Amino acid sequence: MHQNWARNLTYSARELVRPTSLEQLAEVLTGDEPVRALGSRHSFNDVADTHGVHVQVDALDDGRPAVDPLTPDGESTGVVSVNAGLRYGEVSRGLHATGRGLGNLASLPHISIAGAVATATHGSGDANQSLASSVVGLELMTPNGELRRLTRDEHPDVFGGCVVSLGALGVVTRVELLTVPTYAVRQDVAAHVPWDAFVSDFDAITGSAYSVSAFTSWDEPDVRHVWFKSLAGADGGNRPDVPASVRSWAGAPVHPLPGVDPAACTEQLGVAGPWNDRLSHFRLEFTPSAGDEIQSEYLFPRRKLGAAVEAMRAISATVGPLLQTSEIRTIAPDDLWLSPFDEPSVGFHFTWLSRPAEVLAVLPDVERALMPLGARPHWGKVSTVDARDQAELYPRFADFRQLADRLDPEGRLRGGLVGRLLAD
Ligand SMILES: Cc1cc2nc3c(=O)[nH]c(=O)nc-3n(C[C@H](O)[C@H](O)[C@H](O)COP(=O)(O)OP(=O)(O)OC[C@H]3O[C@@H](n4cnc5c(N)ncnc54)[C@H](O)[C@@H]3O)c2cc1C
């Protein structure tokens, strides 16, 4: 029996296989048993679960380089085709070395590309969409063993349903990512921003840098830290031009979790470096976050920020004692069917202490505070929202169900949360 990264979940899968060829993958997919793709196991809920066989594609060799810049007719397209099981950290280093970059990263580089995009994983930034939005094509093996290449340009009718797929459509073997020229970023951390000013100056604060994250436990008198990740340019850049309410700057590196050694964090104090060494909060070589934790996150329309902060502050005495930290981020909208970001959005993320029963008991309070504001739970984190209610939060869910029925007519890819979402 294997477990997820945080070890708060033991998968029901009977077996875990790592095919090394497309033929081996087809053999697993065309068997009789239920089957699911598994990424780097960083989800906190059972979105990846199955009673049958788990398949990881990180060792798959399809005869092409694991990171393959697409150059039809010898022309660079800026698109790179990567083995879907590679971790962002592995791909990013190679990209930077060849002068390319990705638009954004999540808080950690340890997650697999296919697993991250399947759950609409995101970083922060007013103009930054979720990581799934950089996907312009993918190769998917369906349960009948057929390998299809789907691209945004050639399959506009279904592509929006194929990226944030929750693993319900097949096993993704390659992902095509749109890259940009590599760039430098600096990280400056502000401390103790008063709550009132944080809300009233929110647009100025989050608009002052490429990617902004705020950390709090809601019961503190102010917002503990605000991390500004700014484009640095060749001269190393400057501290962001922030509103007057942001007055004090951290004089030493900090960790998102109070009191934890910041050695695991990417470099701060305004030292410029490559995008891939600054946009994630955590370094690839270290354990990200706490390790011993449970995570939840709710994504809601940005226009509801004030009401959402007020609602969370009202329950801070219940929530605060169970929290290691909470993070506030902004995300730009996209057109993917199961993306929670159909308008400019904000995410309230919760890193809880590893006390499952207490966390499950407090989540309904958080959900009563945020769901009426249009929140949607993160696909890969813990919530108590019923799967059918969660499906109803997505106007294109019926289209997604049709696509899943077409590609997986026997329903062999329906375990865990995906089984509940697609139940008749
Ligand atoms: C410490 C920590 C920090 C995090 N930070 C962030 C963050 O900053 N932002 C954020 O949004 N989320 C964050 N997450 C959540 C995480 O990004 C998501 O749970 C993500 O899905 C994990 O990717 P994974 O590769 O581990 O996928 P898994 O958890 O292994 O699987 C997730 C889903 O992807 C599917 N899948 C995996 N591989 C394939 C494939 N090859 N083909 C088809 N489907 C596939 C699975 O079937 C499943 O449905 C964090 C998680 C942790 C543990």
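Residues numbered from 1 in each chain as written. Predicted model: local features only at pLDDT ≥ 70, side-chain atom pairs only at ≥ 80, totals over all residues. Heavy atoms only, no water.

Q: Can you help me understand the site of the ligand in this one?
A: Taken together, 36 residues sit near the ligand, with Ala37, His42, Ser43, Ser112 and Arg329 positioned nearest. Ala37 places a polar main-chain atom, nitrogen or oxygen, 2.7 Å from an oxygen atom of the ligand. Contact distances for the ligand include 2.8 Å between a nitrogen atom and a backbone N or O atom of Val172. Protein burial of the ligand: of its 970 Å² of free accessible surface, 99% is covered by the chains. If one sorts the elements of the shell around the ligand by residue count, helix α3 (residues 113-118) sits on top with four residues. (Near = heavy atom within 4 Å. Polar contact = N/O pair within 3.5 Å; in protein donor to acceptor, adjacent residues only side chain to side chain. Areas by Shrake-Rupley, 256 points an atom, 1.4 Å probe, with all protein chains shown as cover. Helix = DSSP H or I, 4+ residues; strand = E, 2+ residues; numbered from the N terminus.)

Q: Help me understand the environment of Arg414, please; the structure alone is not making it clear to me.
A: Within the secondary structure layout, Arg414 lies in the loop between α11 (397-407) and α12 (416-421). For the pair formed by Arg414 and His42, sequence separation is 372 residues and the distance between their alpha carbons is 19 Å. Not counting residues up to four positions away in its chain, the partners in contact with Arg414 are Arg36, Ala404, Asp405, Asp408, Gly419 and Leu422. Among the polar contacts listed, one links the side chain of Arg414 to the side chain of Asp405, at a separation of 2.7 Å. (Contact = heavy atoms within 4.5 Å.)

Q: What should I look at first to understand helix α9 (residues 356-370) in this one?
A: Over its 15 residues, α9 extends 20 Å from the first C-alpha to the last, a length consistent with the 21 Å expected when each residue adds 1.5 Å. Those residues of α9 that sit buried are Val359, Val362, Leu363, Val366, Glu367, Ala369 and Leu370. (Expected span 1.5 Å × (residues − 1). Buried < 20%, exposed > 50% of the residue type's maximum accessible area, 1.4 Å probe, protein only.)

Q: What am I meant to see in the sheet that holds strand β3 (residues 53-55) here?
A: Sheet strands associate in pairs through backbone hydrogen bonding, adopting either a parallel or an antiparallel arrangement. Taken in spatial order, the three strands of this open sheet run β1-β3-β2, and their pairing is parallel. Two strands lie at the open edges of the sheet, namely β1 (15-17) and β2 (35-37), each paired on one side alone. Strand after strand, the sheet turns through a mean of 25° between neighbouring axes, direction not considered. Pairing geometry for β2 and β3, over three bridges, is parallel. When the bridges of β3 are listed, Arg36 appears paired with His54. (Pairing = 2+ DSSP bridges. Axes fitted to C-alpha atoms, helices over the stretch in contact; angles between N-to-C directions.)

Q: Explanation requested: the pairing of strand β5 (residues 79-83) in the structure shown.
A: Here is the key point about a regular strand: its side chains alternate between the two faces of the sheet. By the criterion of burial, β5 is predominantly enclosed, with five of the five residues buried. As paired elements, strand β4 (residues 67-69) and β5 share three bridges and run antiparallel to each other. Bridge pairing links Asp68 to Ser81 in β5. Here β5 pairs with strand β9 (residues 171-178) via five bridges, running antiparallel. Each residue of the ladder has a partner; that of Asn83, found in β9, is Arg174.

Q: Would you take a moment to explain the side chain of Ser245 for this structure?
A: Assignment of secondary structure puts Ser245 in the loop between β13 (222-231) and β14 (248-249). Of the residues examined, Ser245 reaches a relative accessible area of 11% and is grouped as buried. Here Asp201 takes part through its side chain, which lies 2.6 Å from a polar atom of the side chain of Ser245. Aside from chain neighbours lying at most four places away, what touches Ser245 is Val193, Pro194, Ala197 and Asp201.

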